[in-house]
Amino acid sequence: MAMGLNDNSHQTKKNHTFLQSCSHALEGLKWTFQDEANFKRHLSIAVLVLLFGLLFQVSKLDWLWLIVVIFLVLIAELWNTAVEYIVDLLVQKHYDPLAKKIKDVSAAIVLVAALLAVVVGLIVFVPHLGNLFH
Ligand SMILES: Nc1ncnc2c1ncn2[C@@H]1O[C@H](COP(=O)(O)OP(=O)(O)OP(=O)(O)O)[C@@H](O)[C@H]1O
């Protein structure tokens with residue numbers, strides 16, 4: 001039987017249906033949204049970027065770049081959240097220098113993706129902002 005978002009069955013076996021897989025993936029999104037303030041921040045910025053894209057009527061190619069970098073940042077955030085959960089599971093909140101390294105490198109993935117998004121955003125929007133002042 002397919003299980004929903006509030007599944008409390010303590011399932012440890014493989015998913016049997018595509019619906020079940022999607023349901024658990026959505027649960028992963030929900031945990032990330034709940035636990036990671038940065039995920040919410042990045043989602044808000046993504047909405048703003050999409051609104052600016054509509055406002056300035058950016059080209060199809062620019063839309064492609066914007067959508068790709070938005071998803072890259074969100075994927076990096078999801079990855080970072082999964083790594084944080086794994087580390088917390090392993091060290092149970094005890095301070096561990098290797099746990100710190102792993103979490104810091106994982107956070108660096110998000111930072112690099114966000115930097116790429118800023119660069120793409122500047123390349124796309126600076127010419128449009130420039131036009132406003134001419
Ligand atoms: N068990 C641990 N041992 C050592 N250092 C830790 C440990 N847990 C967390 N840290 C340090 O604290 C930082 C923040 O911890 P954590 O990643 O769990 O919180 P966060 O606020 O969700 O981070 P982010 O802003 O990357 O989402 C880590 O990058 C790491 O430097």
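Residues numbered from 1 in each chain as written. Predicted model: local features only at pLDDT ≥ 70, side-chain atom pairs only at ≥ 80, totals over all residues. Heavy atoms only, no water.

For the protein chain, the name recorded in an unreviewed UniProt entry is Diacylglycerol kinase family protein, with Lapidilactobacillus mulanensis as its organism. The UniProt entry for the protein chain carries the following text under Sequence similarities (unreviewed entry): "Belongs to the bacterial diacylglycerol kinase family." Quoted verbatim from the Subcellular location (unreviewed entry) field of the UniProt record, the comment on the protein chain reads "Cell membrane". (UniProt positions renumbered as here; feature names shortened; annotations may be inferred.)

This brings us to the packing of helix α2 (residues 37–55) against helix α3 (residues 60–91). Viewed as axis vectors pointing N to C, α2 and α3 meet at an angle of 175°, and their least axial separation amounts to 10 Å. With respect to each other, α2 and α3 are oriented roughly antiparallel. Across from Asn-38, Phe-39, His-42, Leu-43, Ala-46, Val-49, Leu-50, Gly-53 and Leu-54 in α2, the residues of α3 making contact are Trp-63, Leu-66, Ile-70, Val-73, Leu-74, Glu-77 and Leu-78. For the contact of α2 with α3, the per-class residue count stands at twelve nonpolar, three polar and one charged. (Axes fitted to C-alpha atoms, helices over the stretch in contact; angles between N-to-C directions. Helix = DSSP H or I, 4+ residues; strand = E, 2+ residues; numbered from the N terminus. Parallel < 35°, antiparallel > 145°, perpendicular 65-115°, else oblique. Contact = heavy atoms within 4.5 Å. Nonpolar A, V, L, I, M, F, W, Y, C, P; charged D, E, K, R; others polar.)

With respect to the helices, strands and loops of the structure, Thr-81 is situated in helix α3. For Thr-81, a relative accessible area of 1% puts it in the buried group. (Buried < 20%, exposed > 50% of the residue type's maximum accessible area, 1.4 Å probe, protein only.)

Moving on, we get to the site of the ligand. Close to the ligand lie 13 residues; Glu-36, Glu-84, His-94, Lys-103 and Asp-104 are nearest. Note that an oxygen atom of the ligand is positioned 3.4 Å from one of the side-chain N or O atoms of Asn-80. Here a nitrogen atom of the ligand and a backbone polar atom of His-94 are 2.9 Å apart. Protein contact buries 65% of the 610 Å² of open area that the ligand shows by itself. Looking at the shell around the ligand element by element, the count peaks at five residues for helix α4 (residues 97–132). Of the residues contributing to the shell around the ligand, the split by class is four nonpolar, three polar and six charged. (Near = heavy atom within 4 Å. Polar contact = N/O pair within 3.5 Å; in protein donor to acceptor, adjacent residues only side chain to side chain. Areas by Shrake-Rupley, 256 points an atom, 1.4 Å probe, with all protein chains shown as cover.)

Within the secondary structure layout, Val-68 lies in helix α3. The exposure class of Val-68 is partly exposed, given its relative accessible area of 42%. Put simply, Val-68 and Asp-35 are 33 residues apart on the chain and 24 Å apart in space, counted from C-alpha to C-alpha.

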